[in-house]
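Coordinates in review
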Amino acid sequence: MPKSGITKDEIVAWGGPEVFNQGLALCNSGDVTDVAYDDETLEISGKIDRGDGWAMPVSLKLEAKGRITSHCPCYTNQKLGQVCPHITAIAIARMVIEMDESEDDEGTAPDGGQNEEEARAEDGDFIEVPAKPGFYAFVAGSRASLSIALDAWYGEIDFPACSLQQKRIVFLPDPDDDMVRRVRSMESEREALRELEKRGFEPGYRKNDMKLYLVNPQKVMDFLGAGLPALRRLGWRIDLSENLEKIVDSIPSVLPVVRIKDAPGGAFDVSYAFEAGGREIPPAEIQAALNRGDGCILRDDGPVLLDNAAIETMHDVFRDTASSQNGAGAGWFRVGAVHAPYVASSLAALGDVIDVDASAAKTYVENASALSGKGADAFERVSLGELGKILRPYQRTGVYWMRHLENSSLNGLLADEMGLGKTLQTLAWLSLPRTGARSKKPALVVAPTSLVRNWEAEAGKFTPHLKTLVVSGPGREKLFGSIPSADLVITSYALLQRDFEPAYMDRDFSAVVIDEAQHIKNRQTKNAIAVKSLRADRKLALTGTPVENSVADVWSIFDFLMPDYLGDYDSFRLRYEDPASEGGAAAENVLAKLRRKLEPFIMRRLKKTVAKDLPDKIIKVSLCPLSEEAQKEYSAALSKTRLEAGAAVRAKGFDKSRFELLAMLMRLRQIASRGKYAAFKEQLSSALEGGHRILVFSQFVKTLKAIADDLSASGIRFSYLDGSTKDRLGECNRFNRDRSIGVFLISLMAGGTGLNLTGADMVIHYDPWWNPAVENQATDR
């Protein structure tokens, strides 16, 4: 890229040190954009964001002997004919860009070649992902005014937020991916400055001043009372000057005191009051300040600081639990036992700005703490018999968690990443003995059609002592009467809604398990309506997809698990879904609240977190039964093949008929493969939603092309390689480097060797090869 070669000394000489510093401040504020240099006209051009929606165009032309001709619409340039800060700002920005380029050039090896890391970066091998910075602020001042200096921290690297820095001042390795580099996030830094601006802070007017200022006694009190703790809850580290620390310590703060005591049936009663300096503050005064949005209360004896956000959060937590007096004493209200973990975690998240007295709430404390941790020792262990020897440590924990929910009359969502054995954990839980009326009721598993036979096979393998009934296929009406006598009933979503009235409407089950729970994410579908109409003592949902993908999906799944826990949908939409869709800090806050509410009832482990318990490769065989129509086609083709094979062997002998027999078998395999597509789409969709990147191998090019057409129609980006692909390496590099490409379709024979596909973490063999070694070689790519 052409360089102007301008230096700091030259820029200072154009307008003097003061103009240079003013231009530097403009650069540091992030207002300089679109800076470019034209080596033919010797012009540097750029734009200055004025903050009113207009980006002011500015340019200068380099002349002989260090002089310039400047063009800027401002008064200083147009009327006074002087070099203005806008001109120096674009010159400084250009100088920094060229410094970055020079540093890249200096990173060459002694022999003239580039260092390996720089070469990879220039080639685009590294994927740049914005890092999330931490923030450190130093606040100084008095009761009348404050100043704040904000630094962004990226690991060991720190600098003023939104200041002008070299391009790769942040270029950090990612601990989980060698191909990723974590880079600076200007958007996060700007968002941090906006947090300060929302609280009344403004830039100063002195040259090269990176501090923000607040000059208003009322706003100073509001910031000390409400803004300071709110920023600390965002994770900011904030230090106060010695003088300001003394001022804050001298002003009393309102302390909400929440009292909790046990109530019948595991419920708990709550009351709260407000204290400051040893005196109680009337709730009416608190509410009036909240209505005004004030962070302090001006009383006759002086100001009192008020953390209004914390008190609003406390109020919102109890509003969110649908609490009412409901038998509680005067001045108290009653909350259901199911809300104990959410209330406890929400109050704990407020830190020391709230005081909680739960000395009379032993049951509440036990209920709240039981589900707060999900480690190996968090739940009571139960005997798992022979399955205890098969289950991995994290799987045993999953079973103990399910049993704990069952004993607590609660339901949950097992959301382990794909491949961690949710089916096995669930079968182990269902095989545990049950007492009382539950011991006489069957358990029901509802799964996608493509996974019904997998459940049957897994049950036969791991829990053969359970009497398993698969309600599927033609003539299944004859099986309805056998449901009460079975231990485990398995059916599909599609058949559940068709058979609901004759088979399930009047049935009681000890447990209902829904696999791939995203099938009921739309609350208005027949799947969702049928599943939510089932009667069961306990319910469990399974999914390998992160449940935070859609807030509305979460509501529908929990409406099955625990109706009314998240309220009706309209209320949930107003409280959670709409604010979450707006983005920004408000969305983060509402999602954090939703996570606190759901976390006690969700267990999710990732492969990387349980890696020590896993084998090198997790292999899962999916059984894909043919549809009735496909089965007829296959049976007819099989009969024809047997006749043709017998005739060929009789006419030519076995050795001379081998290639013909192989072609016949290949035709049969192609017909059989037609029954796999529904299961394949199911697994591919779940894997993509879970953030996985997948290699799909097939020995049939026609199959790959059909999949490619389907992916294109669905808007899913993919790479493709078969024997006709010219640039094999280029296609592989495209997949490895571009994280937005989630699927790579590969012909087994064309792509089974000679490739390095480190960008994927999952392999699907659509159709098995004759020689397993060929499959293994392809998988190891």
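A brief structural summary. Everything numeric here is computed off the predicted structure, so don't read it as measured data.

Comments concerning the pattern of salt bridges
One pass over the full model with this rule turns up 35 salt bridges. The residue aspartate 307 makes a salt bridge to arginine 233 at a minimum N-O spacing of 2.9 Å. Highlighted residues: aspartate 307 in the loop between strand 18 (302–305) and helix 10 (308–320) and arginine 233 in helix 7 (residues 217–233), separated in sequence by 74 residues. Among the ionic pairs, arginine 403 bridges to glutamate 406, the shortest N-O distance being 3.0 Å. One end of the pair is arginine 403 and the other is glutamate 406, both in helix 14 (residues 393–407) and three residues apart, which spans about a single turn. For the pair shown, arginine 403 and glutamate 406 are each scored as buried. Via salt bridges that share partners, Asp316, Arg319, Asp320, Arg575, Lys593 and Lys597 belong to a single interconnected network.

Describing the packing of helix 1 (residues 8–15) against helix 2 (residues 17–28)
The geometry of helix 1 relative to helix 2 is characterised by a closest axis approach of 6 Å and an angle of 115 degrees between their N-to-C directions. One finds that helix 1 runs roughly perpendicular with respect to helix 2. Viewed along their axes, helix 1 and helix 2 form a crossing whose handedness is right-handed. The residues of helix 2 that touch helix 1, namely those facing Lys8, Ile11, Val12 and Gly15, are Pro17, Val19 and Phe20. Within the contact of helix 1 with helix 2, the residues separate by chemical class into five nonpolar, one polar and one charged.

Structural notes on the packing of aromatic side chains
Enumeration according to the criterion identifies 15 aromatic pairs in this entry. With a centroid separation of 6.2 Å and 75 degrees between ring planes, the pair formed by tyrosine 272 and phenylalanine 333 is classed as edge-to-face. Of the two residues, tyrosine 272 is situated in strand 15 (residues 268–276) and phenylalanine 333 in strand 19 (residues 333–335); the sequence distance between them amounts to 61 residues. The class of tyrosine 272 is partly exposed, set by a relative accessible area of 30%. When the centroid spacing of 5.3 Å and the interplanar angle of 80 degrees are considered together, the rings of phenylalanine 680 and tyrosine 766 count as edge-to-face. Placement of the pair is phenylalanine 680 in helix 24 (residues 677–689) and tyrosine 766 in the loop between strand 31 (762–765) and helix 28 (772–779), with a sequence separation of 86 residues. Across this residue pair, the class does not change: phenylalanine 680 and tyrosine 766 are buried. Taken together, the ring pairs connect Tyr272, Phe274, Phe318 and Phe333 into an aromatic cluster. The aromatic ring of tryptophan 332 is capped on one face by lysine 261, whose charged end is 4.2 Å from the ring centroid. In this arrangement the basic side chain of arginine 693 is found over the ring face of phenylalanine 735, its NZ or CZ atom lying 4.2 Å from the centre.

Considering the packing of helix 11 (residues 340–349) against helix 21 (residues 584–598)
Here helix 11 crosses helix 21 at 140 degrees, and the two axes come no closer than 8 Å. Overall, the two elements helix 11 and helix 21 adopt an arrangement that is oblique. The interaxial crossing formed by helix 11 with helix 21 has right-handed handedness. Here Tyr342, Ser345, Ser346 and Ala349 of helix 11 come into contact with helix 21, specifically with Lys593, Arg596 and Lys597. Across the contact of helix 11 with helix 21, the residue classes break down as two nonpolar, two polar and three charged.

Let's talk about the environment of alanine 494
Here alanine 494 is to be found in helix 17 (residues 493–504). Classification of alanine 494 as partly exposed rests on a relative accessible area of 29%. For the pair formed by alanine 494 and threonine 449, sequence separation is 45 residues and the distance between their alpha carbons is 7.2 Å. Those residues in contact with alanine 494, other than ones at most four positions away along the chain, are Thr449 and Asn527.

What counts as what
Residues numbered from 1 in each chain as written. Predicted model: local features only at pLDDT ≥ 70, side-chain atom pairs only at ≥ 80, totals over all residues. Heavy atoms only, no water. Salt bridge = Lys/Arg side-chain N within 4 Å of Asp/Glu carboxyl O. Helix = DSSP H or I, 4+ residues; strand = E, 2+ residues; numbered from the N terminus. Buried < 20%, exposed > 50% of the residue type's maximum accessible area, 1.4 Å probe, protein only. Axes fitted to C-alpha atoms, helices over the stretch in contact; angles between N-to-C directions. Parallel < 35°, antiparallel > 145°, perpendicular 65-115°, else oblique. Left-handed = near helix turned anticlockwise from the far one by under 90°. Contact = heavy atoms within 4.5 Å. Nonpolar A, V, L, I, M, F, W, Y, C, P; charged D, E, K, R; others polar. Phe/Tyr/Trp six-rings, centres within 6.5 Å; stacked < 30°, edge-to-face > 60°. Lys NZ or Arg CZ within 6 Å of the ring centre and 35° of its normal.

Any functional reading would require information that these geometric values do not contain.
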